[in-house]
Amino acid sequence: QKKKANLLLEEKNEAIKKQKLILEEKNIQITDSIEYAKSMQEAILPTNESVKSVFRDSFIMFKPKDVVSGDFYWLYKAEGLLAAIDCVGHGVPGAFMALHSYNLLERSVKEDRDLEPASILDQLNKKVLESLNQQNENASAKHGMDLALLKINGPRVEFSGARNPLIMVTPSGELNEIKADRMYVGGAQGNFTNNLVNVVPGTMLYIFTDGYADQKGGPQNKKFFAEPLRDLFRQIAPLTCEEQRRELERMHDEWRGDVEQLDDILVIGVRVC
């Protein structure tokens, strides 16, 4: 009887070992696939060199939560267009949406040729609704993105936003915010607003997703929040763009401490020449 029990135990242990090996192999395959997806995502993102070829004095702080990201940034060099985009989700689902959104944004600009930021968002909204079959009010899931889109031509700045604003800090330290429309791309029922401002040379422009402000940390494990982020922009604006990026990184790491990063993070700064 004891021999039989030992035999059964050995068989169970052997089965567990086989299952463990299968799981380890599948985990390696999944990890390899995600790493490959990361290389694909990085390939479509503008390089720092290409961004600086258009916006010489600029920085990008980009910290995906996972290997791949639902946040991404987009550049259309010919017209001085720059966007910070936050797709629904993060990780693999967010990355799928980001890749799809990138392609739709490219099409919206190259096919329609109306390069006013609000018009681009209007066209992008239609394409998201059509491509993901979201015209139906009973659709089981709603997919879309929040974004901030800039068009910079010297001191003339155009901006249109879907739930994400534009923050401007002048050389004298005055902070102004241009609010975004309170609707997201892929669910907007009206037209987006095109904002046109003439800014003083040396003014810093900031566009960003919600990951930085939503990060929990600090003594009470609370969100960083939007208002302290605006104050931080005001404080760092006189620094060089590289110094600003490093200070944002430092403050984020200090605030987060040992807390897990909760979302993808993207902050873009451009100094108007």
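Definitions and cut-offs
- Residues numbered from 1 in each chain as written.
- Predicted model: local features only at pLDDT ≥ 70, side-chain atom pairs only at ≥ 80, totals over all residues.
- Heavy atoms only, no water.
- Salt bridge = Lys/Arg side-chain N within 4 Å of Asp/Glu carboxyl O.
- Helix = DSSP H or I, 4+ residues; strand = E, 2+ residues; numbered from the N terminus.
- Buried < 20%, exposed > 50% of the residue type's maximum accessible area, 1.4 Å probe, protein only.
- Pairing = 2+ DSSP bridges.
- Axes fitted to C-alpha atoms, helices over the stretch in contact; angles between N-to-C directions.
- Contact = heavy atoms within 4.5 Å.
- 1 Å grid on protein atoms, 1.4 Å probe; cavity = no way out; pocket = protein on both sides within 12 Å on 5 of 7 lines; lining within 4 Å.
- Points joined across faces, edges and corners; volume = space filled by probe spheres on them.
- Nonpolar A, V, L, I, M, F, W, Y, C, P; charged D, E, K, R; others polar.

Student: Explain the pattern of salt bridges here, please?
Tutor: Here the idea is simple: oppositely charged side chains can pair when their charged atoms come close. Tallied over the full model, the rule gives 18 salt bridges. A salt bridge links glutamate 177 to arginine 230; the shortest N-O distance between them is 3.0 Å. Of this pair, glutamate 177 sits in strand S7 (residues 175–178) while arginine 230 sits in helix H6 (residues 226–236), and the two are 53 residues apart along the sequence. Judged by its relative accessible area of 11%, arginine 230 is buried. Its salt-bridge partner being lysine 223, residue aspartate 214 comes within 3.9 Å of it at the nearest N-O pair.

Student: Hey, could you run me through the sheet that holds strand S1 (residues 58–63) in this one?
Tutor: Backbone hydrogen bonds are what pair the strands of a sheet, in a parallel or an antiparallel way. Spatial strand order, S1-S12-S9-S6-S7: five strands in an open sheet with antiparallel pairing. Of all strands in the sheet, those bounded by a partner on one side alone are S1 and S7. Going from strand to strand, the sheet's axes swing by 15° on average, the running direction of each strand aside. Looking at chain direction, S1 and strand S12 (residues 265–271) are connected through six bridges and run antiparallel. Across the sheet, methionine 61 pairs through a bridge with valine 267, a residue of S12. Together, S1, strand S9 (204–208) and S12 form the strand contacts of helix H7 (residues 241–256), whose direction differs from that of S1 by roughly 25°.

Student: Explanation requested: the layout of surface pockets in the structure shown.
Tutor: The calculated volume of the largest pocket comes to roughly 310 Å³. Considering the residues around the largest pocket, the lining is formed by 16 residues, among which Arg163, Asn164, Pro165, Arg182 and Asp210 are closest to the centre. Breaking the lining of the largest pocket down by element, the ones donating at least two residues are helix H5 (211–214) and H6. Partitioned by chemical class, the residues of the lining of the largest pocket number six nonpolar, two polar and eight charged.

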